[in-house]
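Spelled out, the chains give:
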Amino acid sequence: MSQPDSSAVKQTVPSQVTVTAGEKSVILPVHTGTLGNSCVDIAKLPKETGLFTYDSGFMATASCRSAITYIDGDNGVLMYRGYPIEQLSEHSSFLEVAYLLMNGELPNQQESAKFEHEVTHHTMMHEAFRTFLFGFRHDAHPMAMLVGMLGSMASFYHNELDLEDPEQRRMAAIRLIAKVPTIAAACYRYSIGWPIGYPKNNLEYVTRFLHMMKEVPSEPLELSPMAAKAMDLLFILHADHEQNASTSTVRLVGSTGANPYACVAAGVAALWGPAHGGANEAVLKMLEEIGRPENVQSAIDKAKNKESGFRLMGFGHRVYKNFDPRAKIIREMCHKVLAELGVNDPLLEVAMRLEEAALKDEYFVQRKLYPNVDFYSGIIYKALGIPTEMFTVMFAIARTAGWVAHWLEQQTDPEAKIGRPRQIYTGYAARDYAGMDKR
Ligand code: CMC
């Protein structure tokens, strides 16, 4: 495998920094990757000075070395294994991207066929999963079911999993990529009372998933090629995003030596929140609430008012401070899908007005808040007939490729340690236990 070219480093950075704490000085090494900001290695700071560092929300802290995904937030750059997202969106497929993320290189024809064959032939769920699924309330949110079902996978494959064996680790990754769509479709069908289907292995990944989710036994599903194309594109764009909250969760759980299915279940739980993957569902609900272009300005005003507690969902990003390259691609696809499927969704008009108004507004300009990946994706999902409560599940299916790639990378990282942050304790100093009569 060719190694990234470290001559690509543009900044001139010191190889070490000196931190002075009172009378003590400590020299800390600086680590530089192939691209991006260099990092001060603070590991010996506590030992030398007795001080820890504080960085709530990891605003300035790298937690690992990774060769998978690179983001340049100032310039709107996203690359998987060095390949720009724009090129992958145009030329690749989700399954090829999953291979790339996991293995570091694009597959040749043989590798591609083998990977597709393996993923295709691990799509079935153990029949006992059904009994498990039927235990959920009929109105359970599909993300709640997905967390539970994935956690339960650990019980099906735990005993035979030797984390020291690279082939077993690879198979766990393949199983996850293969089975998450089957489980996701089953969760949805259960929630609406449809019979749970089986994967049709003559179909390719995305089409198979759409069939599993939408086909009824009584009639064949007519699927527009545009639907599969749009879904594949959305999956590519959502496949990885370096150390985001859910991937960091997968890595944190993985750092304890936990089973990969449990790690990914934890990732799904982290993804669910509206500040992360749950935003796509929240965007659509917000657009529905706004309802008409005339109401856009009052939504903008509400988002600017901190006391309202309301944020423009699908706006802003921790890393992108110029534009989210995924949003640019999705916006274009959104127009294409709606035109091709003949869908006239008034929410698109609301979304465009909202984007336009926010991009002109001083509050959003100053804070560098731009539409993110979730802003237009919901409108596409809606046009494809995907119900709102399944939007974050779609994100989870795609992000599974990234989660397993990071989990695999972590397993062979010679510097990997159990993740264990420190804290600034703000509770009581020592005090004596008070008996009930003294409280
Ligand atoms: N609407 C209104 N104000 C906002 C928004 C928004 N969507 N996002 C950030 N702000 C303001 C925030 O109030 C703060 O203002 P001030 O400096 O006056 O206190 C400033 O912008 C910086 O915000 P922050 O919360 O410190 O930024 P962050 O990096 O911690 O948060 C974020 C990033 C994505 C959580 C946030 O922008 C947000 O809540 N966006 C809405 C939810 C959303 O769309 N999430 C999906 C993210 S992309 C998909 C993914 O990768 O998960």
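Look up a bit, the structure's there.
Scope of this entry: the structure provided in the associated data block. (Residues numbered from 1 in each chain as written. Predicted model: local features only at pLDDT ≥ 70, side-chain atom pairs only at ≥ 80, totals over all residues. Heavy atoms only, no water.)

### Focus: the nonpolar core
Ranked by size, the top nonpolar core spans 125 residues in total, and within it L150, M231, F235, L312, L354 and I386 carry the most contacts. If you tally residues by element for this core, the top one is helix α7 (residues 166–192), at 15 residues. Beyond its immediate chain neighbours, meaning those up to four positions away, F235 contacts F94, Y205, V206, F209, M394, I397 and A398. (Core = buried A, V, L, I, M, F, W, Y, C linked by side-chain atoms within 4.5 Å. Buried < 20%, exposed > 50% of the residue type's maximum accessible area, 1.4 Å probe, protein only. Helix = DSSP H or I, 4+ residues; strand = E, 2+ residues; numbered from the N terminus. Contact = heavy atoms within 4.5 Å.)

### Considering the site of the ligand
Taken together, 21 residues are adjacent to the ligand, and H276, K306, L312, G314 and R318 come closest. A275 places a polar main-chain atom, nitrogen or oxygen, 3.1 Å from a nitrogen atom of the ligand. Between a nitrogen atom of the ligand and a main-chain N or O atom of L312, the distance comes to 2.7 Å. For the ligand, whose accessible area on its own is 940 Å², the fraction buried by protein is 77%. For the shell around the ligand, the class distribution of residues is 10 nonpolar, 6 polar and 5 charged. (Near = heavy atom within 4 Å. Polar contact = N/O pair within 3.5 Å; in protein donor to acceptor, adjacent residues only side chain to side chain. Areas by Shrake-Rupley, 256 points an atom, 1.4 Å probe, with all protein chains shown as cover. Nonpolar A, V, L, I, M, F, W, Y, C, P; charged D, E, K, R; others polar.)

### Topic: the layout of surface pockets
Estimates place the volume of the second largest pocket at around 330 Å³. Forming the boundary of the second largest pocket are 13 residues, of which S89, E90, L233, I329 and K336 lie nearest the centre. Of all the elements in the fold, those that place two or more residues in the lining of the second largest pocket are α2 (85–91), α9 (225–238) and α14 (325–341). The dominant element in the lining of the second largest pocket, judged by the number of residues it contributes, is α14, at 5 residues. Across the lining of the second largest pocket, the residue classes tally to 4 nonpolar, 2 polar and 7 charged. (1 Å grid on protein atoms, 1.4 Å probe; cavity = no way out; pocket = protein on both sides within 12 Å on 5 of 7 lines; lining within 4 Å. Points joined across faces, edges and corners; volume = space filled by probe spheres on them.)

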